[in-house]
Amino acid sequence: MKAAIITFPGTNRERDIRVALKRVTGRDPVMLFHRDALPAGLDLVVLPGGFSYGDYLRCGAMAAQSPIMRDVRDFAARGGHVLGVCNGFQILIEAGLLPGGLLRNATLRFLSMDCRMRVERAGTAFTSRWQKGATFRAPMAHGDGNYFADDATLDRLEGEGLVAFRYVDDRGEATAAANRNGSVRNIAGILSPNLRVCGLMPHPEDLVDDLMGGTDGLPMFESLAEAFATA
Amino acid sequence: MKARVYVMPKAGVLDPQGKAISHALDGLGFAGVQDVRAGKVIELDLAETDPARAKAAAEDMARKLLANTVIESFRVELA
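Residues numbered from 1 in each chain as written. Chains lettered and ligands numbered in written order. Predicted model: local features only at pLDDT ≥ 70, side-chain atom pairs only at ≥ 80, totals over all residues. Heavy atoms only, no water.

What about the overall build of chain B?
When helices and strands are counted, chain B shows 2 helices and 3 strands. Taken from N to C terminus, the helices and strands of chain B fall in the order β-α-β-α-β. Out of the 79 residues in chain B, the part that is buried amounts to 29%. A total of about 5,000 Å² of accessible surface is found on chain B, and carbon and sulfur atoms cover 54% of it. Chain B carries 11 positive and 11 negative side-chain charges, and their two centres are separated by 3 Å. (Helix = DSSP H or I, 4+ residues; strand = E, 2+ residues; numbered from the N terminus. Buried < 20%, exposed > 50% of the residue type's maximum accessible area, 1.4 Å probe, protein only. Areas by Shrake-Rupley, 256 points an atom, 1.4 Å probe, with all protein chains shown as cover. Lys, Arg positive; Asp, Glu negative; His and termini not counted. Charge placed at Lys NZ, Arg CZ, Asp CG, Glu CD.)

Some thoughts on the interface of chain B and chain A
Between chain B and chain A, the contact holds 16 residues from the first and 14 residues from the second. Both sides of the chain B and chain A interface together cover about 1,200 Å² of buried area, and 69% of this is carbon and sulfur. The largest contributions to the chain B side of the interface with chain A come from Pro16, Leu65 and Ile71 of chain B, which together make up 38% of the buried area. Ionic pairing is found between glutamate 72 of chain B and arginine 58 of chain A, a salt bridge with its closest N-O pair at 3.6 Å. Those elements giving two or more residues to the side of chain B that touches chain A turn out to be helix H1 (16-27), strand S2 (40-45) and helix H2 (51-66) of chain B. When its residues are assigned to classes, the side of chain B that touches chain A shows 10 nonpolar, 3 polar and 3 charged. (Contact = heavy atoms within 4.5 Å. Buried area = accessible area lost by both parts, 1.4 Å probe. Salt bridge = Lys/Arg side-chain N within 4 Å of Asp/Glu carboxyl O. Nonpolar A, V, L, I, M, F, W, Y, C, P; charged D, E, K, R; others polar.)

Some words on helix H1 (residues 14-25) of chain A
Residue and element names in this part refer to chain A. Taking 1.5 Å per residue as the helical rise, H1 with its 12 residues ought to reach 16 Å, and the 16 Å between its terminal C-alpha atoms agrees with that figure. Within H1, the full set of buried residues consists of Glu14, Ile17, Ala20 and Leu21. The arc that holds the buried residues of H1, viewed along the axis, is 125°, so those residues lie on one side. Where the residues of H1 are buried, they touch strand S1 (3-7), strand S2 (30-33), strand S3 (44-47), strand S4 (81-85) and helix H5 (218-227). Backbone geometry just after H1 places glycine 26 at a positive phi near 75°. (Expected span 1.5 Å × (residues − 1). Arc of directions from axis to C-beta.)

Quick notes on the state of the cysteines
Formally, a disulfide is one covalent bond, and it connects the sulfur atom of one cysteine to the sulfur atom of another. Residue and element names in this part refer to chain A. Here the structure, examined in full by the defined rule, presents 0 disulfides over all chains. Between cysteine 198, a free cysteine, and cysteine 86, which holds the nearest cysteine sulfur, the sulfur-to-sulfur gap is 13 Å. For cysteine 198, a relative accessible area of 0% gives the class buried. (Disulfide = S-S within 2.5 Å.)

Here's the deal with the sheet that holds S2 of chain B
Residue and element names in this part refer to chain B. Strand order in the open sheet formed by 3 strands is S2-S1-S3, with antiparallel pairing between adjacent strands. Looking along the sheet, the strands with just one partner apiece sit at the ends: S2 and strand S3 (72-78). The sheet shows a mean angle of 20° between the axes of neighbouring strands, taken without regard to direction. Judged from the 6 bridges that link them, strand S1 (residues 2-9) and S2 form a sheet pairing that is antiparallel. (Pairing = 2+ DSSP bridges. Axes fitted to C-alpha atoms, helices over the stretch in contact; angles between N-to-C directions.)

Points about a nonpolar patch on the surface
On the surface, Leu28, Phe30 and Val33 of chain B cluster together to form a nonpolar patch covering roughly 300 Å² of accessible area. Structurally, valine 33 of chain B is set in the loop between H1 and S2. (Patch = residues over 30% accessible without salt bridge, like charges linked within 9 Å, V, L, I, M, F, W, Y side chains within 5 Å.)

With respect to helix H4 (residues 151-159) of chain A
Residues and elements named next belong to chain A. Every buried residue of H4 is accounted for by Thr153, Leu154 and Leu157. Relative to the axis of H4, the buried residues are bounded by an arc of 100° and lie together on one face. Exposed positions of H4 whose direction lies more than 90 degrees from the buried face are Asp151, Ala152 and Gly159. As for H4, its buried residues are in contact with strand S8 (146-148), strand S9 (163-167) and strand S10 (187-191).

Re unusual backbone geometry
Residue and element names in this part refer to chain A. Look at arginine 13: it is not a glycine, yet its phi comes out positive at around 65°. For arginine 13, the location among the structural elements is in the loop between S1 and H1. The partly exposed category is assigned to arginine 13, whose relative accessible area is 25%. With a phi close to 65°, leucine 57 is a non-glycine residue in the positive phi region. Within the secondary structure, leucine 57 sits in the loop between S3 and helix H2 (67-77).

So this is what it looks like as C-alpha cells:
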C-alpha cells in the first residue's frame, strides 16, 4: 500500500497515523505538507486530526481551500481512497467530499475521553476486518464533532448504507448518553457513495498497540492493508 | 465599497452557543429572552464600486467560503 499523510499548519496526530499505517504495512507513508503536490500512484490519502489554521472561520474551512486539496479532490474523483480523522473529517466536509456539517459539541465542551463506536457498514476498505455490529473503543478529542445534516441527506446516507460508525454505549446501543457531542442519529463516521472516502471524529489510530493501552483501532488499518495488499 | 456578510446558524440547526448565552442572560436576571442565536459578521472592503456587482461578489464569497450553507444561512448588506 502506498499511502500519503497530508499535514497543514496546526495538524497533529499525523505521526500516530504514520505509526498505525507502518505497523500494518511495514512501509513508511509519504508525509506531505499542504504546499506539496500529491504524488502519483497513491492508494490512500489520510487527513489527520488537529486544529488546522487555528480552526479559523469554521473547523477545516481554511485547509479545504489549500492547493493540495484540489489534488485530493481529483484523487477522490478518480476513485482514490481517502481517510479523514477528526479535523481531517471536518476538512473532507468543508471540501465537499462528504455531506453534512460538524457543529460545536452540544455541551459546548471540548471532549477528551474514550468513546465506543459500532460498525454500521462492514465490507469496505476501512471496515472489512470488523463484522457489522461489532463495537470498539476509540479516543476522541474535539470541540466541534456534532454531526449535522438535513433529513433528506440523513435518509440517503442510511438508505445507501453510508453511515460507517455510530456512537454506542457499553451494550452496543445507540443511546443519547453515548452520544457525547450531540451528533444527529449518533453518527460518528460516514462514507462516500463509492465507499472510498471515509470520515470520522474519533481516533482509531491512537489504539493500535498494547503500549497505547489497546489495539481496538487496529482493524481499520488492517482492513486498509488488506485492501491494498497487492499494491 | 464595504460589504457586510451576516452568517447565522440555519433555522432548525442546533445552536449551542446561542443556548449558552440564553442561559447566561437568564442567570443575570434578564427575563423574557425567548431565544438567542449566535452568528458572525464578516466585513469586506471591496475595490468594486458598482453596488450590484459588489453584492453579487460578496454573495459568491459567502457561498464558497464564508458560510457553510449546509448549516448556515447568510445575508449581504452594502455599507
